[in-house]
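Here is how the chains run, residue by residue.
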Amino acid sequence: MAEIVLKDVCKVFEKDQYAVSNFSLHIRDGEFIVFVGPSGCGKSTTLRMIAGLEEITSGELWIGDRLCNYAEPGERDLSMVFQNYALYPQMSVYDNMAFSLSIRKVPKQEIRQRVHETAEMLGISNLLSRRPAALSGGQKQRVAIGSAILRKPKAFLMDEPLSNLDAKLRTHMRVELASLHHKLGTTTIYVTHDQTEAMTLADRIVVMKAGYIQQVATPVELYNRPTNLFVAGFIGSPSMNFLRGKVKKAGDGAAFLTEGGQVLPLPAALGKTLWPQYDNRTLVLGIRPEDLYAFPARNDRLYAAVQGTVTACESLGHEAILHLETSDGELAARVEPGHGAVEDRSATLFLDMENAHFFDGETEQNILYQWRNDA
Ligand code: ATP
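Residues numbered from 1 in each chain as written. Predicted model: local features only at pLDDT ≥ 70, side-chain atom pairs only at ≥ 80, totals over all residues. Heavy atoms only, no water.

(A) Spatial organisation of unusual backbone geometry. Here serine 237 and proline 238 are connected by a cis peptide whose omega angle stands at -5 degrees. Its place among the elements puts proline 238 in the loop between helix H8 (229–234) and strand S11 (241–250). A cis amide bond links tryptophan 275 to the next residue, proline 276, at an omega of 10 degrees. Here proline 276 shows up in the loop between helix H9 (268–274) and strand S14 (283–287). Even without a glycine there, the phi angle at glutamate 160 is positive, about 45 degrees. Examined against the element boundaries, glutamate 160 turns out to sit in the loop between strand S7 (155–159) and helix H5 (167–184). Phi at alanine 210 is positive, roughly 45 degrees, even though this residue is not glycine. With respect to the secondary-structure elements, alanine 210 resides in the loop between strand S9 (204–209) and strand S10 (212–217). (Helix = DSSP H or I, 4+ residues; strand = E, 2+ residues; numbered from the N terminus.)

Dropping the structure here:
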């Protein structure tokens, strides 16, 4: 096991085209780190630079106490698990798993013991004599993970390892990966498009956009205190709702006047923080779908009513997602069954203003980031 430290790591594929820019991260020993971000943001390139499959253009990569920029992949003592399993088709499961140990000249007896132990742990002992072609996707991925574990590497690097599996198996393997990590405690860097995987597996998530780190934080922190508009919109499903507008004085307090002409009262403490400091500046109010209600839920909270027309009502059994077309665009609300809303009819949603986020309309930074921390 080992710490992995990246200092100002950059990758340029073509002249002046940065695929990864100034990537700095201190990954603690035993930590489970997940890279997320839209397609092409540099997740795999960063992982491949750590693995040694891609040259580092500038910056430093430390694995344990060794500077590894120029170390061969084999010398880094890392195990990689890919989306497409990378198994040798002509070899049995046993030989696939044993391969990396036999080329390291580990004694046969020890190989046998480690393969059997690992196969037991992953529930694939009955498959050891089969060829990969006779395995299901989930079984193949278990074999690939088994081969990675057997080597007892300093860290696992996983590039979308579950993305070829169907939804049910994916959930199952996700839980298995979590318990495996708990058991082994090996430093893991994991790339995924799947938010649920990121939120449930990670100790910390790294959100990337266009080659730059946007935020590094625990899943809860990322969800509750996104540093900017991009992270706020990227994490969470359905996404956070956004309304543009300005803060205005209203009576003794302040209100948010949206570009669509709605007046949303602000709780006193929030109003004081935003007005007059942000008077006449365009802000973006962000509100998560679960902070919009079909009825004002509690009488100790300040709700702002927003009217519109229900465009869709997706029932998920235990809850429903309501889509409301308003003068500020569409809002999505996660509401309880029995909400009473009907498609194509008008409805009112109640925004829990205590949970509203505010972003600077120009810089897109979360202007309440520090305030929420201090509060
Ligand atoms: P995805 O989620 O789609 O896998 P990603 O976040 O992993 O995307 P990367 O594969 O790291 O993104 O790619 C980052 C950028 O580098 C992209 O703009 C991509 O086109 C570019 N890139 C990746 N590999 C090469 C290469 N070998 N040559 C030139 N450009 C490349």
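(B) View of the pattern of salt bridges. This model, assessed by the stated rule, comprises 16 salt bridges. Close ionic contact of glutamate 290 with arginine 334 constitutes a salt bridge, the shortest N to O distance being 3.8 Å. Taken together, the positions of glutamate 290 in the loop between S14 and strand S15 (292–293) and arginine 334 in strand S18 (residues 329–335) put the pair 44 residues apart, joining distant regions of the chain. For glutamate 290, a relative accessible area of 26% translates into the label partly exposed. According to the relative accessible area criterion, arginine 334 is partly exposed, its value standing at 25%. Of the charged contacts in the structure, one is a salt bridge between arginine 301 and aspartate 352, with a shortest N-O distance of 3.0 Å. Taken together, the residues span a long stretch of sequence, with arginine 301 in the loop between S15 and strand S16 (303–315) and aspartate 352 in strand S19 (residues 346–352) at a distance of 51 residues. With a relative accessible area of 24%, arginine 301 lands in the partly exposed category. Put simply, Arg28, Glu31 and Arg204 are held in one network by salt bridges that share partners. (Salt bridge = Lys/Arg side-chain N within 4 Å of Asp/Glu carboxyl O. Buried < 20%, exposed > 50% of the residue type's maximum accessible area, 1.4 Å probe, protein only.)

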